[in-house]
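Observations on chain architecture
Take a look at the letters that make up each chain.
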Amino acid sequence: MTIPTQRAFLMTGLVLLAVILDRTAISLRLIAWAAMVILIFLPESILGASFQMSFAAVAVLVAAYESLRRPLGAWLGRRHFWRRAVMYLAGVATTTLLASVATGVIALFHFNRIALFGLAANMVAVPVTALWVMPWAVVVCVFMLFGLEAVPLVPMVWGLKLIISVATSVASWDGAVRLVPAMPVFGLCLIAVGGLWLCLWRGNQRWLGIAVITLSVATIPLTSPPDIVVSDTGRLMAVRTADGALRLSSKRRERFSAANWLRRDGVDSADTWPWKDPDDLSLLSCDNLGCIFHHDGEILAFVHDERALSEDCRVASLIVSAVPVRRACPSASTIIDRFDLWREGAHAIWLTGGPPHVKTVAGVRGIRPWSPARVSSRQSAASNGAAN
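The text that follows walks through the structure, step by step, so that each part is easy to find. Keep in mind the model is a prediction, meaning the values are calculated, not measured.

Side note on the pairing of strand S9 (residues 318-321)
As a general feature of sheets, a regular strand has side chains that alternate between the two faces. By the alternation rule, side chains of S9 split into Leu318 and Val320 and Ile319 and Ser321, which are all buried. Handedness of the β-α-β unit built from strand S8 (residues 298-303), helix H10 (residues 309-315) and S9 comes out right-handed.

Notes on the side chain of Arg7
In this fold, Arg7 is placed in helix H1 (residues 3-20). Apart from residues lying up to four places away in sequence, Arg7 is in contact with Ile38, Ser54, Phe55 and Val58.

A closer look at a positive patch on the surface
Where like charges cluster on the molecular surface, the positive patch consists of Arg235, Arg252, Arg253 and Arg255. Note on placement: Arg235 falls in the loop between strand S3 (228-230) and strand S4 (237-240).

What to know about the state of the cysteines
In this structure the tally under the stated criterion is 2 disulfides. With a sulfur-sulfur separation of 2.1 Å, Cys286 is cross-linked through a disulfide to Cys291. Taking the torsion about the sulfur-sulfur bond, which here is approximately 110°, the covalent link between Cys286 and Cys291 counts as right-handed. Residue classification places Cys286 among the partly exposed residues on the basis of a relative accessible area of 39%. Of the residues examined, Cys291 reaches a relative accessible area of 5% and is grouped as buried. Each sulfur in the disulfide pair Cys313 and Cys329 lies 2.0 Å from the other. Taken together, the residues Cys313 in helix H10 and Cys329 in the loop between S9 and strand S10 (334-336) connect sequence positions 16 residues apart. Pair check on accessibility: Cys313 and Cys329 agree, each one buried. No disulfide involves Cys189; its sulfur sits 17 Å from the nearest other cysteine sulfur, which is in Cys199. Cys189 sits in the partly exposed class, given a relative accessible area of 43%.

A word on the layout of surface pockets
By volume, the largest pocket amounts to about 1,200 Å³. Forming the boundary of the largest pocket are 29 residues, of which Arg264, Ala348, Trp350, Lys359 and Val364 lie nearest the centre. Listed by contribution, the elements that provide at least two residues to the lining of the largest pocket are helix H9 (255-264), strand S11 (347-350), strand S12 (357-360) and helix H12 (361-365). For the lining of the largest pocket, the element with the highest residue contribution is H9, accounting for 4 residues. Class assignment for the residues of the lining of the largest pocket results in 18 nonpolar, 6 polar and 5 charged. As a volume, the second largest pocket reaches approximately 1,000 Å³.

Describing the sheet that holds S11
The strand order across the open sheet built from 5 strands is S5-S4-S3-S11-S12, with neighbouring strands paired in antiparallel fashion. Looking at the sheet topology across the chains shown, the edges are occupied by strand S5 (246-248) and S12. Averaged over neighbouring strand pairs, the angle between their axes works out to 15° when direction is ignored. With 3 bridges joining them, S4 and S5 adopt antiparallel strand pairing. Along S5, the bridge assignment pairs Val239 with Arg247.

Section: the packing of H1 against helix H2 (residues 28-41)
Where H1 meets H2, the axes come as close as 9 Å, and the angle between the chain directions of the two elements is 130°. With respect to H2, the axis of H1 lies oblique. Crossing of H1 over H2 shows right-handed handedness. Along its contact with H1, which presents Ile3, Gln6, Arg7, Leu10, Met11, Leu14 and Val15, the element H2 presents Leu30, Ile31, Trp33, Ala34, Val37 and Ile38. Here the contact of H1 with H2 is composed, by residue class, of 11 nonpolar, 1 polar and 1 charged.

Observations regarding the nonpolar core
Met11, Ile31, Ile38, Phe51, Phe55 and Val58 are the most contacted members of the largest nonpolar core, which totals 17 residues. Mapped onto this core, the elements with two or more residues apiece are H1, H2 and helix H3 (49-75). The element that contributes the greatest number of residues to this core is H3, accounting for 6 residues. Residues Val239, Trp273, Leu284 and Val320 belong to the second largest nonpolar core, which totals 16 residues.

Conventions we followed
Note that residues are indexed from 1 along each chain, following the sequence as it is written. Residue-level local features of this predicted model are given only where pLDDT is at least 70; pairs of side-chain atoms are given and counted only at 80 or more, and the full residue set underlies all totals for whole chains, interfaces and linings. Excluding hydrogens and water, the side-chain figures rest on all heavy atoms present in the structure. With a 1.4 Å probe rolled over the protein chains alone, any residue whose accessible area is under 20% of its type maximum counts as buried; one over 50% counts as exposed, and the rest are partly exposed. Helix numbering and strand numbering both begin at the N terminus, where a helix is a DSSP run of H or I of at least 4 residues and a strand a DSSP run of E of at least 2. By the criterion used throughout, a crossover qualifies as right-handed when its path from the first strand across the helix to the second strand runs clockwise, the strands pointing away from the viewer. In this description, contact between two residues means that some pair of their heavy atoms is separated by no more than 4.5 Å. Nonpolar side chains (Val, Leu, Ile, Met, Phe, Trp, Tyr) within 5 Å and like charges within 9 Å form the patches, drawn only from residues with over 30% relative accessible area and no salt bridge. Each accessible area is a Shrake-Rupley estimate made with a 1.4 Å probe; only the visible protein chains count as cover when residues are assessed. Here, a salt bridge means any side-chain nitrogen of Lys or Arg that lies within 4 Å of a carboxyl oxygen of Asp or Glu. As used throughout, the charge tally considers Lys and Arg to be positive and Asp and Glu to be negative, leaving His and the chain termini uncounted. Where a charge sits is defined by one atom per residue type, namely NZ (Lys), CZ (Arg), CG (Asp) or CD (Glu). Our working definition of a disulfide is a cysteine sulfur pair at a distance within 2.5 Å. In this analysis the probe radius is 1.4 Å and the grid spacing 1 Å, with only protein atoms considered; a cavity is a set of points the probe fits into but cannot get out of, a pocket is an open set with protein on both sides within 12 Å along at least five of seven lines, and lining residues have an atom within 4 Å of a point. Grid points are joined across faces, edges and corners, and a volume is the space filled by probe spheres set on the points. Amino acids outside the nonpolar list (Ala, Val, Leu, Ile, Met, Phe, Trp, Tyr, Cys, Pro) and the charged list (Asp, Glu, Lys, Arg) are all regarded as polar, and Gly is one of them. Pairing between two strands is assigned when DSSP locates at least 2 bridges connecting them. For helices, the fitted axis covers only the stretch in contact; all axes are lines through C-alpha atoms, and the angles between them, taken along N-to-C directions, range from 0 to 180 degrees. With respect to orientation, any angle under 35 degrees is reported as roughly parallel, any angle over 145 as roughly antiparallel, any angle of 65 to 115 as roughly perpendicular, and every other angle as oblique. Left-handed describes a crossing in which the near helix is turned anticlockwise from the far one by less than a right angle; the clockwise case is right-handed. Within this scheme, the nonpolar core is defined by two criteria: the residues are buried Ala, Val, Leu, Ile, Met, Phe, Trp, Tyr or Cys, and they are joined through side-chain atoms within 4.5 Å.

Pasting the structure below:
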């Protein structure tokens, strides 16, 4: 089961047990117990978006409604139908708003996007689910005993189609989803601290948590994106131009990787090499063998064919090659070839502030039992040359 499903199962079981024992059913202790059980068996899940978003949403909702329990109870003390109707709609709106904020800040870190019109969609989807879909689901379970579940499934499907239609329509609105650049890990830590502060403290000091969460969003500009990105196959590369935009070597190759790179950059599209800005055409030139990119007086070579190495190894200070480099390159201080990409995975390169700084998937992931042997590509190239 997924982490949210496990959380819901554990919390539902504890709530029913609390009802049987005549104890308080909904509290932050309930969430703490569910989290503890999951982390005992799946401690690595705390690093995933599923765990963080699920528990963040339910913790904020429980903390908020604990604070609002008495004033809401007093307001509903007078039994008027219109008050209950207003309270239901207000509850849907409040729940959607709180859950959207709680999960939205975490979605900024993991998915670099935030949905802006979730409230509008839920104002229709939640009542339809509660008042139409779920009652028919109960009827379906009863009719299954007699093999007649196909009858109530028809009206249940009507409700599901309406929910899907609403979601599709709202998602198609202009500005429904806003992309943002990547947030540093420090920002996610501030989100966790601010959220826990907001939920656990009582009194006016609890509102300091909002300031901490707001500060986490302000860490987004502190992220320094890479200047060059290379996929693990070497078939897709990207460079950052002077205007800060990321340019792709191709829009047809490795589209999934390209979409992830652009999402982390806070955009959904990019130009390809050579890009359309006429002022920048002199910075990059390409032929069938590769490309040459000029950056701050340095020459960077992107090699697609080993025949380009004879010239690039004499002039380029950095070489990124989709083919093995089996020769000496006296001009290059950094060489990334097919062997490096195969062993270390995708590469990200920063060019500002001295010599190039390189990060790889293997370097961030570390050595794992399933990781390929991390042997220097220079050694492999030398041994292959000797063998040949």
